[in-house]
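Report on the structure
Residue-level listing of the chains:
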Amino acid sequence: YLMSVYIAENPTFTTIDAGFAQQCRNLQYLQFYRNGIVTIDPYAFKGLSLVTNLMLMDNQITCLPPNVFVDMLSITNIDLSNNRITALGTDTFKGLGALYYLQLTNNQIAYLGNMDFTGTGIGGMGMGGIYIMLDANPIMAIHNRVLTNFFASRTTSQSSTQISFSNPYNNI
């Protein structure tokens, strides 16, 4: 059975449709690197509960549909670096209990809204923490509850947490 999908350097690949891997429920690794992806259907990853790594770096993605990752219960690593993402929804990453590494470097995120990290990074793969990389985004403001929500989602005193916010555009 198919466990990995790797599609790279294909500028005509612009959309990840709903159910693209409906018959491949054993997938564990998805890498869509340096394509022309702009759109991800809200149900593109539905039923892919065994995927641990989702690599969507170096595309043209501008936004993520609400709850697009909701079925990805085993996901530990999401890399969305080098896209054109401008905002993140409140529940985009909520409930991803195994998630410990989220790479959002070099997008167009100017404002971090009231994101809910409930249920993320609480021991996935034994790491016990979550790392969020937001470097090289033009972040101008952070909602007054985003860090509170993030740290409130930590459920063990042994969890390690790192959020990287270096910003070459402005000082926040």
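Predicted model, so just to flag it, every value in this text is computed and none were measured.

On a plain count of helices and strands, the protein chain comes out with one helix and eleven strands. Its helices and strands taken in sequence order, the protein chain reads β-β-β-β-β-β-β-β-β-β-α-β from the N to the C terminus. Here the protein chain holds 172 residues, and the buried ones make up 46% of them. Across the protein chain, contacts joining residues at least 24 apart in sequence account for 67% of those joining residues at least 6 apart.

The next subject is the nonpolar core. Residues I40, F45, L56, L64 and F69 are the most contacted members of the largest nonpolar core, which totals 37 residues. Secondary structure elements with two or more residues in this core: strand 3 (29-33) and strand 9 (129-133). In contact with L56, other than residues within four places in its own chain, are I16, F32, I37, I40, F45, I61, D79, L80, S81 and N83.

Right, let's talk about the pattern of salt bridges for a bit. Per the stated rule, a full pass over the model turns up two salt bridges. Ionic pairing is found between R34 and E9, a salt bridge with its closest N-O pair at 3.7 Å. With R34 in the loop between strand 3 and strand 4 (39-40) and E9 in the loop between strand 1 (4-8) and strand 2 (15-16), this residue pair connects regions lying 25 residues apart in the sequence. Relative accessible area serves as the criterion here: at 43%, R34 is assigned to the partly exposed category. The closest approach of N and O atoms between K46 and D71, which form a salt bridge, is 3.7 Å.

Definitions and limits used
- Residues numbered from 1 in each chain as written.
- Predicted model: local features only at pLDDT ≥ 70, side-chain atom pairs only at ≥ 80, totals over all residues.
- Heavy atoms only, no water.
- Helix = DSSP H or I, 4+ residues; strand = E, 2+ residues; numbered from the N terminus.
- Buried < 20%, exposed > 50% of the residue type's maximum accessible area, 1.4 Å probe, protein only.
- Contact = heavy atoms within 4.5 Å.
- Core = buried A, V, L, I, M, F, W, Y, C linked by side-chain atoms within 4.5 Å.
- Salt bridge = Lys/Arg side-chain N within 4 Å of Asp/Glu carboxyl O.

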